[in-house]
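Single-letter residue listing:
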Amino acid sequence: MRVVNVGMLGLGTVGTGVVRLLAENSSIIEEKLGARLILKRIAVRDTKKARDIGDGGWEITSDIDSVIADPGISIIVELIGGYSPAREYVLAAIQNGKNVVTANKALLAFHGDEIYAAAERAQVEVRYEAAVAGGIPVLSAIKGNMCANRFWTVLGILNGTCNYILTRMTREGADFAAALKKAQELGYAEADPTFDIEGIDTAHKLCLLVSLCFGTRIDFKEIHTEGISSVSSLDIDYAARCGYRIKLLAIGKRHGNLVEARVQPAMVPMDDPLAAIDGVYNAVRITGDYAGTVMFSGRGAGMAPTSSAVVGDLVAVARNILTGRGRRIAPLGFLDGKIATLPVKPVGDTISKYYLRFSVADRPGILARIAGALGSNQVSVKSAIQTSKRVGEAVPLVIVTHEAMERDVRKAIDMVESLGITSQRVAMLRIEDDLA
Ligand SMILES: NC(=O)c1ccc[n+]([C@@H]2O[C@H](COP(=O)([O-])OP(=O)(O)OC[C@H]3O[C@@H](n4cnc5c(N)ncnc54)[C@H](OP(=O)(O)O)[C@@H]3O)[C@@H](O)[C@H]2O)c1
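Just so you know, the residues in each chain are numbered from 1, in the order the chain's sequence is written. A pLDDT threshold of at least 70 governs which residues receive local features in this predicted model, and a stricter bar of 80 or more applies before side-chain atom pairs are shown or counted, although totals over entire chains, interfaces and linings include all residues. Side-chain calculation: all heavy atoms of the structure are included, whereas hydrogens and water are not.

**Examining the packing of aromatic side chains**
- Only Phe, Tyr and Trp rings take part, Trp by its six-membered ring, and two of them pair if their centres are within 6.5 Å. Stacked means planes under 30 degrees apart, edge-to-face means over 60, and tilted covers everything else. Scanning the entire structure with this criterion turns up 4 aromatic pairs.
- Taking 6.2 Å as the distance between ring centres and 25 degrees as the angle between the ring planes, the aromatic pair formed by Tyr116 and Tyr128 counts as stacked. With Tyr116 in helix H5 (residues 105–122) and Tyr128 in the loop between strand S6 (126–127) and helix H6 (138–143), the pair connects residues that are 12 residues apart, well separated along the chain.
- With a centroid separation of 5.0 Å and 65 degrees between ring planes, the pair formed by Tyr164 and Tyr188 is classed as edge-to-face. You can see Tyr164 sitting in helix H7 (residues 160–172) and its partner Tyr188 sitting in the loop between helix H8 (176–185) and helix H9 (194–197), a full 24 residues away along the chain.
- In this scheme, a residue with accessible area under 20% of its type's maximum is buried, one over 50% is exposed, and one in between is partly exposed, where area comes from a 1.4 Å probe on protein chains only. Judged by relative accessible area, which is 10%, Tyr164 ranks as buried.
- Classification of Tyr188 by relative accessible area gives partly exposed; the value is 37%.
- Ring pairs connect the aromatic residues Tyr83, Phe110 and Phe220, which therefore count as one cluster. Secondary structure follows DSSP: runs of H or I at least 4 residues long count as helices, runs of E at least 2 residues long count as strands, and numbering of each begins at the N terminus.

Given below as C-alpha cells:
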C-alpha cells in the first residue's frame, strides 16, 4: 500500500481528534484513498504532558524544525492556533515545499494573503475547511461543486459559544452572565471568552467566507464587528413578543463592486430557518445565482467534527499527491491573480428596521421627546411598547423603527442620550427581515 506521510504541529483538542480519527477510521480512508496516511511526527510545546492517544509509531517532539523540514513528510497540519508562531511555521513549511492543512481562522484572516502568495510560489496546497464552521464542509462546497455560481449573499451563525448563550437566554430566561457561566462550566466557552462573545472569532470566519464567495481580499479591520455581551434578557423577551429570535449573525453581501461585511447580534424572524439553529450548532447559508439558496448546518466546533474536516482536507491533498497532479485548486478557489480588492460598504449605510430600547423615567412626555429626536434624524417610528416593568428606577421603552439608515439611527440615539432622560446606554439591534 502506498503511503503519504504527515507532520502535525499541535496536539490539543483538534490534534488529538485527528490522531484518533486517523487510527479508528484508517480502513475506510484507505478504501477511498488507496493509500495510508501516516502521522510521522507531531510537534508540541511540552513533550512530557500525558496524552490519551495510544502509540501509533509517531515521534512527539518540541523541535518544530524536525517536523517541517523532514524530507519524508509531504503535508503539515497546523493545529497550534493564534497568529504567531503559527504564521512563521506555516510559511517555513511552505518554503520547504510542504502542503499545509490548518484549522486556524485567526491566522488566515490576518495573514492569508501572505500565506496564499507563498503557496502559489511554491505550488503547494493550503486547505482550511475546519477553520469555518468546524465539521460543516461549506468551504469545499463553495470552492467545489458550487464554483460555477456568482454568489451574492453569505450568512452565518458561526460561533457555537455565542449561539449557546443566546439559546440559553431565550429558553431559560437566563441573563447573559449566567448563560456565559454555564457555557464555561460545560466547556463551550474559554476561561477568557472575549474572542467569542465580542464577535471576533465570527469576524475571522466571515473574512474567509467573503473572500471565497466574492473573490475579494478583505481587511479584517474593515469588518464591522459587534458581540453579544450587551444583549439583555429584556431584548430577548421583546424579540420573542415581536416574533423574532436574536442571533449573532455574520453577514456578507456583494452589491456590484461593493462588499458588505458585518458581524452583529440581530433579530431574525422566527420562521427563518436560521432562527431554529440552536445551542452549539452552526449554520451557513449562501445564495448563488444558479444554485439558489443553500443552507448547511451542523456542529461548528469540538474534537470530532473539527478533526473530520481536517482529515477530509488531508485526504484531498493526498489524492493530488498520489495522482501527481500537484495543486489543482488555489486556496481561495479563484486563480491567484484574479482576487480583487473591493471596497467595503460603510456600516452607517446599512438600511434596516431597528429595535431600540431606552431606559427612561416613567413620566409623561418622554415618548414624544424620543420620537422627536428620531424624527429630526429621518427615523420614523413603526411601533412603541412601554411596560410598567421597572428595572431599578427606570422603565424600558421599546421602539421599532421603519426602515432607516444606520448612520441616522446612531445620530438619533446620540441626541436622545444627550437629553438626560435615559439611565443606561440605548440598546440597538437590527431587524433582519430581508435575509436572502
Ligand atoms: N477546538 C475546536 O473545537 C476548534 C474548532 C475549529 C477550529 N479550531 C482551531 O484549531 C486550532 C487548534 O485548536 P485546539 O482547540 O486544538 O487548540 P489547543 O487545544 O489549545 O491545542 C494547541 C496545541 O498546540 C500546541 N502548541 C501551542 N503553542 C505551540 C508552540 N509554540 N510550539 C509547538 N506546539 C505548540 C500545544 O502544545 P501542548 O499540548 O504541549 O501545550 C497544543 O498541543 C486553532 O487554530 C483553533 O482556532 C479549533
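Having seen the structure, we can now continue with the description.
**Focus on a positive patch on the surface**
- Taken together, Lys32, Arg319, Arg325 and Arg328 make up a surface patch of like positive charges.
- Here Lys32 shows up in helix H2 (residues 26–33).
- Here Lys32 falls in the exposed class, since its relative accessible area comes to 56%. Here a patch means residues that are over 30% exposed by relative accessible area and free of salt bridges, tied together within 9 Å if like-charged and within 5 Å if nonpolar (Val, Leu, Ile, Met, Phe, Trp, Tyr). To be clear on the numbers: accessible area is Shrake-Rupley with a 1.4 Å probe, and residue cover counts the displayed protein chains and nothing else. One side-chain nitrogen of Lys or Arg within 4 Å of one carboxyl oxygen of Asp or Glu is enough to make a salt bridge. Here the positive residues are Lys and Arg and the negative ones are Asp and Glu; neither His nor the chain ends is included. Charged groups are reduced to one reference atom each: NZ for lysine, CZ for arginine, CG for aspartic acid, CD for glutamic acid.

**Comments concerning the site of the ligand**
- Any residue with a non-hydrogen atom lying within 4 Å of a molecule or strand is treated as near it. Residues in contact with the ligand amount to 22 residues; listed here are only the nearest, Leu11, Val14, Asp46, Arg51 and Gly302.
- Within 3.5 Å is the distance limit for a polar contact, defined as a pair of N or O atoms, with the added protein rule that one can donate a hydrogen and the other accept it, and that residues adjacent in sequence qualify only through two side-chain atoms. Measuring from an oxygen atom of the ligand, one finds a backbone N or O atom of Thr13 at 3.0 Å.
- Separating an oxygen atom of the ligand from a side-chain N or O atom of Arg51 is a distance of 2.8 Å.
- Relative to its free-state accessible area of 900 Å², the ligand is covered by the protein chains to the extent of 79%.
- Residues are grouped as follows: nonpolar covers Ala, Val, Leu, Ile, Met, Phe, Trp, Tyr, Cys and Pro; charged covers Asp, Glu, Lys and Arg; every other residue, Gly included, is treated as polar. Of the residues belonging to the shell around the ligand, the class tally is 10 nonpolar, 7 polar and 5 charged.

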